[in-house]
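Tertiary structure, described
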Amino acid sequence: MLLHSPGYQSDRTYNTLVIEELASWGYVVAAVDHPHDSGEVEFPDGRVAVNRPDDASDEARAAAVALRADDLRFVLDQLTLLERGGNPDAEGRPLPRGLRGTLDLTRVGAFGHSRGGAASASVMYLDTRVRAGIDLDGALYGPVIEHGLDRPFLLMDTAVHDGLNKDGSWQPFWAHLSDWHRCLRLADANHNCFTDIVAIAPQIPEAVRNTLQIGTIPADRAVAAVRATVRAFFDLQLRDRRDTRHLLQGAAPRYPEIEYIAG
């Protein structure tokens, strides 16, 4: 069971290419929109919560990440209710038969891009039900920076970000990780190469495409590398599939775009 949190002002659909890959290998992925932080969220009664830009201070961003972590914990609580045969539907509509007992909530992971990656780290800090997590190129916020984690965590960045050298939140967080941890890099990439934007970009006029933070990596290679890395990590940490370890060491001939940085 995996929880997914998108980047700031982004919707849960922005990582569909990764989510569908995980689903095709048997993972159940709950992708979460965050009211007033994602682009827009429609509630069952028709209300629409649009994004409220924060003031860009570390305090505001930390508060936003804390709210996202609470959202993820709420979703996990509702999935637990569903797993036990309850009905968390806001309108009480009948659910499909056979859902009870189908979710493995003993093996829960969380991942996200940008602010969603920060939320994945924060929810792991707050909730031990989440056993493994991934931050795709996101700065971190909140107490997890100074306290770290005692469960597996993967950081993945770009040369533009260079998290362990240039991001003041990654350095102390890295120093306080006590379980399996690794930092990998997507070569020739920029921030949005971890999202579906990189796949859509080739269809967009060049003048606009140059503003999308996608780097020079070919779109198909970016998508394949990110898909493979996310799945390899969760296969190893949640399914104990040790045959995937070489990819997480930056040593997979099929994915030369994945570079080993540390860990």
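Position labels on residues start from 1 in each chain and follow its written sequence. Local features are withheld for residues below a pLDDT of 70 in this predicted model, meaning they are given only at 70 or higher, and side-chain atom pairs are given and counted only at 80 or more; totals for whole chains, interfaces and linings count all residues. To get the side-chain values, take all heavy atoms of the structure and skip hydrogens and water.

Remarks on the environment of P53
Our working rule: Put simply, DSSP marks the helices as runs of H or I at least four residues long and the strands as runs of E at least two long, and each gets a number from the N terminus on. Contact definition: two residues touch when any of their heavy atoms are within 4.5 Å.
Residue position: P53 is located in the loop between β4 (48–50) and α2 (58–83). Separated by 165 residues in the primary sequence, P53 and P218 place their C-alpha atoms 32 Å from one another. Not counting chain neighbours up to four residues away, the residues in contact with P53 comprise Y8 and Q9.

Structural notes on the side chain of T195
Note the cut-off: Three exposure classes are used, based on accessible area relative to the maximum for each residue type with a 1.4 Å probe and protein chains only: buried under 20%, partly exposed in between, and exposed over 50%.
On the secondary structure map, T195 appears in the loop between β8 (181–186) and α7 (197–200). Given a relative accessible area of 5%, T195 falls into the buried group. If near-sequence neighbours (up to four positions away) are discounted, T195 is found in contact with Y14, N15 and H113.

What to know about the nonpolar core
Nonpolar side chains in soluble globular proteins tend to be buried together. How we decide: We define a nonpolar core as any set of buried Ala, Val, Leu, Ile, Met, Phe, Trp, Tyr and Cys residues linked to one another through side-chain atoms lying within 4.5 Å.
Ranked by size, the top nonpolar core spans 40 residues in total, and within it F111, L186, V230 and F234 carry the most contacts. Where this core is concerned, the elements lending two or more residues are α1 (16–24), β6 (130–136), β7 (153–157), β8 and α9 (219–239). Once residues within four sequence positions are removed from consideration, V230 is found in contact with V18, L22, F111, I134 and L136. A69, V75, A119 and A262 belong to the second-largest nonpolar core, a separate cluster that totals 35 residues.

Here we look at helix α3 (residues 115–126)
Operational definition: To estimate the expected span of a helix, count its residues, drop one, and scale the result by 1.5 Å.
The first and last C-alpha atoms of α3 sit 16 Å apart over 12 residues, in line with the 16 Å expected at 1.5 Å per residue. The buried fraction of α3 amounts to 10 of the 12 residues, a majority that puts the element mostly inside the structure. Along α3, the residues that are buried comprise R115, G116, G117, A118, A119, S120, A121, S122, V123 and M124.

Description of the pairing of β8
We count it as follows: Two strands are counted as paired when DSSP detects at least two bridges linking them.
Burial within β8 is extensive, with six of its six residues counted as buried. Burial of the side chains of β8 extends over both faces: H181, C183 and R185 are buried on one face and R182, L184 and L186 on the other. Two strands pair when backbone bridges link them, and β8 and strand β9 (residues 258–262) are joined in this way by four bridges, in the antiparallel orientation. Considered in β9, the bridge of R185 is made with E259.

By themselves, these are just geometric observations and shouldn't be taken as functional.
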